[in-house]
Amino acid sequence: MKTNQNCVFCKIVKGEIPSYKIYEDENFLAFLDINPQSPGHTQVIPKEHYRWVWDTPNVGEYFEVVRKIAKAQQKAFATDFILSKVIGDEVAHAHVWVFPNSKVSGDKKDFAENAKKIRKTLI
């Protein structure tokens, strides 16, 4: 697996930096954003280091994981309004933001509880 030793997301994948994991499989990892826009704000990344989402060779599989997280957030936070962003300038590792709208109730900094709520509703 290719990684970048200076990449914060690669360090999260390797377990060198702690995170609140939501989902993990062989190729992808989803974890709570440390500076959330709303409760449950999640980063979905490929485990291998790719600079841009569009460089990820299995982008269809990638977006199936994004959808899985969004559906879990809908249930966990009782909202249909889930946002996603693909920008990529904050961290030089492919990532998709997935987060409920800002009107959902809950403390966006209660990482343990928000992670538990989403994991409980994953299908």
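Residues numbered from 1 in each chain as written. Predicted model: local features only at pLDDT ≥ 70, side-chain atom pairs only at ≥ 80, totals over all residues. Heavy atoms only, no water.

1. Things to note about the overall build of the chain
Okay, step 1: For the chain, the helix and strand inventory stands at three helices and five strands.
Okay, step 2: Moving toward the C terminus, one meets the helices and strands of the chain in the order α-β-β-β-α-β-β-α.
Okay, step 3: The C-alpha radius of gyration of the chain comes to 13 Å, within 12% of the 14 Å expected for a compact globule of 123 residues.
Okay, step 4: If you line up the chain on its principal axes, its C-alpha atoms span 40 × 30 × 25 Å.
Okay, step 5: Per-residue burial over the chain gives 46% buried out of 123 residues.
Okay, step 6: When contacts within the chain are restricted to residue pairs at least 6 apart in sequence, long-range pairs at least 24 apart make up 61% of them.
Okay, step 7: Per element, the accessible surface of the chain, about 6,700 Å² overall, is 50% carbon and sulfur.
Okay, step 8: Measuring between centres, the 18 positive side-chain charges of the chain sit 4 Å from its 15 negative side-chain charges. (Helix = DSSP H or I, 4+ residues; strand = E, 2+ residues; numbered from the N terminus. Rg over C-alpha atoms; globule rule 2.2 N^0.38 Å. Buried < 20%, exposed > 50% of the residue type's maximum accessible area, 1.4 Å probe, protein only. Contact = heavy atoms within 4.5 Å. Areas by Shrake-Rupley, 256 points an atom, 1.4 Å probe, with all protein chains shown as cover. Lys, Arg positive; Asp, Glu negative; His and termini not counted. Charge placed at Lys NZ, Arg CZ, Asp CG, Glu CD.)

2. Looking at the nonpolar core
Okay, step 1: Core analysis: the largest hydrophobic core is formed by 24 residues, its most contacted members being Ile-22, Val-44, Tyr-62, Ile-69, Val-98 and Ile-118.
Okay, step 2: For this core, the secondary-structure elements that each account for two or more residues are β1 (21-24), β2 (28-32), α2 (59-76), β5 (96-100) and α3 (111-121).
Okay, step 3: No other element matches the seven residues that α2 contributes to this core.
Okay, step 4: Apart from residues no more than four positions distant in its own chain, Ile-69 is found in contact with Ile-22, Tyr-23, Ala-30, Thr-42, Val-44, Val-98 and Leu-122.
Okay, step 5: In terms of nonpolar packing, the next biggest core, distinct from the first, is built from nine residues, Cys-7, Cys-10, Leu-29 and Phe-31 among them. (Core = buried A, V, L, I, M, F, W, Y, C linked by side-chain atoms within 4.5 Å.)

3. Description of the side chain of Asn-114
Okay, step 1: By the element assignment, Asn-114 lies in helix α3.
Okay, step 2: Note on Asn-114: relative accessible area 3%, which makes it buried.
Okay, step 3: One polar contact links the side chain of Asn-114 to the main-chain carbonyl oxygen of Asp-107, over a distance of 2.9 Å. (Polar contact = N/O pair within 3.5 Å; in protein donor to acceptor, adjacent residues only side chain to side chain.)

4. Let's talk about the side chain of Lys-47
Okay, step 1: Here Lys-47 is to be found in the loop between β3 (42-46) and α2.
Okay, step 2: Within the local environment of Lys-47, its side chain forms a polar contact with the side chain of Glu-24, the two groups lying 2.8 Å apart.
Okay, step 3: Not counting residues within four places of it along the chain, the set of residues in contact with Lys-47 comprises Met-1, Val-13, Glu-24, Asp-25, Glu-26, Asn-27, Phe-28, Leu-29 and His-93.

5. Considerations on the sheet that holds β1
Okay, step 1: The strand order across the open sheet built from five strands is β1-β2-β3-β5-β4, with neighbouring strands paired in antiparallel fashion. Each edge of the open sheet carries a strand with a single partner, namely β1 and β4 (82-85). For this sheet, the mean angle separating the axes of adjacent strands, direction not counted, is 20°.
Okay, step 2: Where β1 lies against β2, three bridges are found, and the strand directions are antiparallel. (Pairing = 2+ DSSP bridges. Axes fitted to C-alpha atoms, helices over the stretch in contact; angles between N-to-C directions.)

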